[in-house]
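# Remarks on the overall topology
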Amino acid sequence: MANLQALKQRFIGKFGGNEAGIRSFFAPGRVNLIGEHTDYNGGYVFPAALTFGTTLLVRKRDDAIIRFASENFPTEAEITLETAKFEQEHDWVNYPKAVLVHLAKRGYTFGGYDLLYLGEIPNGAGLSSSASIEVVTAFGLMTVENHKIDRIELALVSQEAENQFMGVNCGIMDQFAVAMGKSEHAVLLKCNTLDYEHVPFKAQGCKLVIGNTNKRRGLVDSEYNARRSQCEQAVEYLRVAFPSLTLLGELNAEQLKAHEGLIPDETVRRRARHVIEENDRVLKSVEALKANELETFGKLMIASHDSLQHLYEVTCKELDVMVEEALKVPGVLGSRMTGAGFGGCTVSLVQGDQVEAFIAAVGKAYAERTDYKAEFYVGEIGDGVKEL
Ligand code: GLA
C-alpha cells in the first residue's frame, strides 16, 4: 500500500498548494482464479481483487485544465475535456483520458483537476494495471463531482473506453473485478447478464501465489482478436442446431459434444471446446470452494491450464514451464496461467508452510529453463475501488 503522506507531499511539490482539497482513491489489480477467455463469450469468470493496485490523488481546479502526472512514467500531460483525443505521445495518459471522454459521452459533467497516479501493479503482467487506472479515474472523478456512483456502470464505461478509445477489444472481467471486488471473496460473474455473486475464498491455510514470468504479453492483441473471431465462427456453425445462439457461453458441454461435428474446422472446434468446458470448470470450482474442497478446485485449475495450452493455445513456453515446475513442488494444489496469456502471470494454490520452498524451487528451475527471471507475489484478496 502506498505511503499516502509521502505521495501528498510529492503532489504538492508538483502541483503546488497545500493538503487542503486533495482526495485519495485506490483501485486494485486483479487475479483471475479460473474462467479464462470466457468473458467475451458471455460465460462465467471468477476473478478476485488484489491488495495492490493504483492510488490516485485528485484536487479540483478553478479552470477547465486537467493535468496528469505519474510516479511510474515520465510522461505528463495537460488537456481539457473538450479537446481530449487519443495521442500516441500521451502514452499512459490515454487511459484516464479515455474514461473521462466516455463518461462525458453519457452526460456526466466534469471540471479541471490535478491528478497524480502511483501504480504498484507490474505493467504487462496480466494483472489488469490498465483496468485499475481506468476504474480509479472513473470512481475518483465521479466522487469529487458528487455524481451518483453505480460501480457496474463504471466498469462498463471503463471497458467501453478501452474498446473504443484505446482500441483494445477486451471483455468485461477486469474492469468488473476492479470495481466490484470484495476482501476475502472472489467474484463469480456471468458475463452476458452481469449477474454476480461474491463467493468467500476460504483458503484453509493455503495461499494464492502469483508468479510473474516477466515475459511481457507479446502477441496478445492480434492473437486475442483472432481467438475472438474463431469463437464467433464457432457460433455461426452451431446456429444450424441452435438458431438463436449468439455466444458460446450459452451452451453446455453436452450440447457442444452432440453438435461439434457442425464445426468443420478442427482449430475452431478446439477453441469452442475450451470455452464451453472452461465455463463448466468455473461452476465446478465455485461448488468445490463452497464445499471446502480445495483439492478439487486445484485440479480444476490444472485442467484449465491444460486446456489453455492445448485447446485454446494462448500459453507460451514460459507460462508452461512455470506451471510445470509449480506442480512438482509438494503442497501445491493447483497452478495455471491467469489473464490473457502469451506471457504475464501464473497463479498457484500453495499450502501456507510451503510458500517459501515453492518460490525458491520454481524461481530456480524457471531461471534455468527460460531466458527470464521470475518474480512472485503472495496474493491477498482485497476490496474493489474505494476512497482512502
Ligand atoms: C484479458 C482481457 C479480459 C479477458 C482475459 C482472458 O485480461 O482483458 O477481458 O478476456 O484476457 O480471460
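Notes on the structure follow.

The rules behind the values
Residues numbered from 1 in each chain as written. Predicted model: local features only at pLDDT ≥ 70, side-chain atom pairs only at ≥ 80, totals over all residues. Heavy atoms only, no water. Near = heavy atom within 4 Å. Polar contact = N/O pair within 3.5 Å; in protein donor to acceptor, adjacent residues only side chain to side chain. Areas by Shrake-Rupley, 256 points an atom, 1.4 Å probe, with all protein chains shown as cover. Nonpolar A, V, L, I, M, F, W, Y, C, P; charged D, E, K, R; others polar. Helix = DSSP H or I, 4+ residues; strand = E, 2+ residues; numbered from the N terminus. Buried < 20%, exposed > 50% of the residue type's maximum accessible area, 1.4 Å probe, protein only. 1 Å grid on protein atoms, 1.4 Å probe; cavity = no way out; pocket = protein on both sides within 12 Å on 5 of 7 lines; lining within 4 Å. Points joined across faces, edges and corners; volume = space filled by probe spheres on them. Contact = heavy atoms within 4.5 Å. Pairing = 2+ DSSP bridges. Axes fitted to C-alpha atoms, helices over the stretch in contact; angles between N-to-C directions. Parallel < 35°, antiparallel > 145°, perpendicular 65-115°, else oblique. Left-handed = near helix turned anticlockwise from the far one by under 90°. Salt bridge = Lys/Arg side-chain N within 4 Å of Asp/Glu carboxyl O.

## Quick look at the site of the ligand
Taken together, the neighbourhood of the ligand is formed by R30, E36, H37, D39, Y40, C170, G171, M173, D174, Y224, G339 and A340. Measuring from an oxygen atom of the ligand, one finds a backbone N or O atom of H37 at 2.7 Å. Within the side chain of D39, a nitrogen or oxygen atom sits 2.5 Å from an oxygen atom of the ligand. Across the complex, the protein chains shield 94% of the 310 Å² of accessible surface that the ligand would expose by itself. Residue composition of the shell around the ligand, by class: five nonpolar, three polar and four charged.

## Overview of unusual backbone geometry
Backbone geometry places E184, a non-glycine residue, at a positive phi of 60°. The backbone of L194 shows a phi angle near 65°, a positive value even though the residue is not glycine. When you line up the elements, L194 lands in the loop between strand 7 (185-190) and strand 8 (195-200). The buried category is assigned to L194, whose relative accessible area is 18%.

## A look at empty space enclosed by the protein
Under the counting rule described, the total for this entry stands at one cavity of 30 Å³ or more. If you add up the space inside the largest cavity, you get close to 30 Å³. Taken together, V209, I210, G211, M322, A326, S335, T346, S348, F358, V362 and F376 make up the full set of residues lining the largest cavity. Here the lining of the largest cavity gets three residues from one element, more than from any other, and that element is strand 9 (residues 206-212). Partitioning the lining of the largest cavity into residue classes produces seven nonpolar, four polar and no charged.

## Topic: the side chain of S129
With respect to the element layout, S129 can be found in helix 3 (residues 129-144). S129 sits in the buried class, given a relative accessible area of 16%. With sequence-adjacent residues up to four places away left out, S129 is seen in contact with T54, I121, P122, N123 and G124.

## What about the sheet that holds strand 13 (residues 386-387)?
What the six strands build is an open sheet, ordered 5-4-6-3-1-13; its pairing is mixed. Looking at strand neighbours, the two that pair on one side only are strand 5 (77-80) and strand 13, the edges of this open sheet. Where helix 3 meets the sheet, it contacts strand 1 (23-32), strand 3 (47-61), strand 6 (112-119) and strand 13, and its direction lies at approximately 150° from that of strand 1. Against the sheet, helix 5 (residues 173-180) contacts strand 1 and strand 3, and its axis sits at roughly 130° relative to strand 1.

## Examining the environment of D371
Inspection of the secondary structure puts D371 in the loop between helix 11 (355-369) and strand 12 (375-379). D371 sits 53 residues away from E318 along the chain, and the two C-alpha atoms are 8.7 Å apart.

## Thoughts on the packing of helix 3 against helix 5
The interhelical angle for the contact between helix 3 and helix 5, taken along N-to-C directions, is 50°, at an axis separation of 9 Å. Classified by the interaxial angle, the pair formed by helix 3 and helix 5 is oblique. Between helix 3 and helix 5 lies a crossing of right-handed hand. Here A131, S132, E134 and V135 of helix 3 come into contact with helix 5, specifically with D174, Q175, V178 and A179. Here the residues of the contact of helix 3 with helix 5 are counted per class, giving four nonpolar, two polar and two charged.

## Looking at the pattern of salt bridges
Inspection of the entire model under this criterion finds 29 salt bridges. Residues K14 and E76 are paired through a salt bridge, measuring 2.6 Å at the closest nitrogen-oxygen approach. On the criterion of sequence distance, the pair formed by K14 in helix 1 (residues 4-15) and E76 in the loop between strand 4 (65-70) and strand 5 is long-range, its members being 62 residues apart. Under the relative-accessibility criterion, K14 is labelled partly exposed at 37%. Owing to a relative accessible area of 44%, E76 belongs among the partly exposed residues under this scheme. Note that E318 and K215 form a salt bridge whose closest N and O atoms lie 3.5 Å from each other. Note that E318 is positioned in helix 10 (residues 317-328) and K215 in the loop between strand 9 and helix 6 (220-238), a separation of 103 residues in sequence. Where salt bridges share partners, they join R59, R61, D63, R67 and D114 into one cluster.

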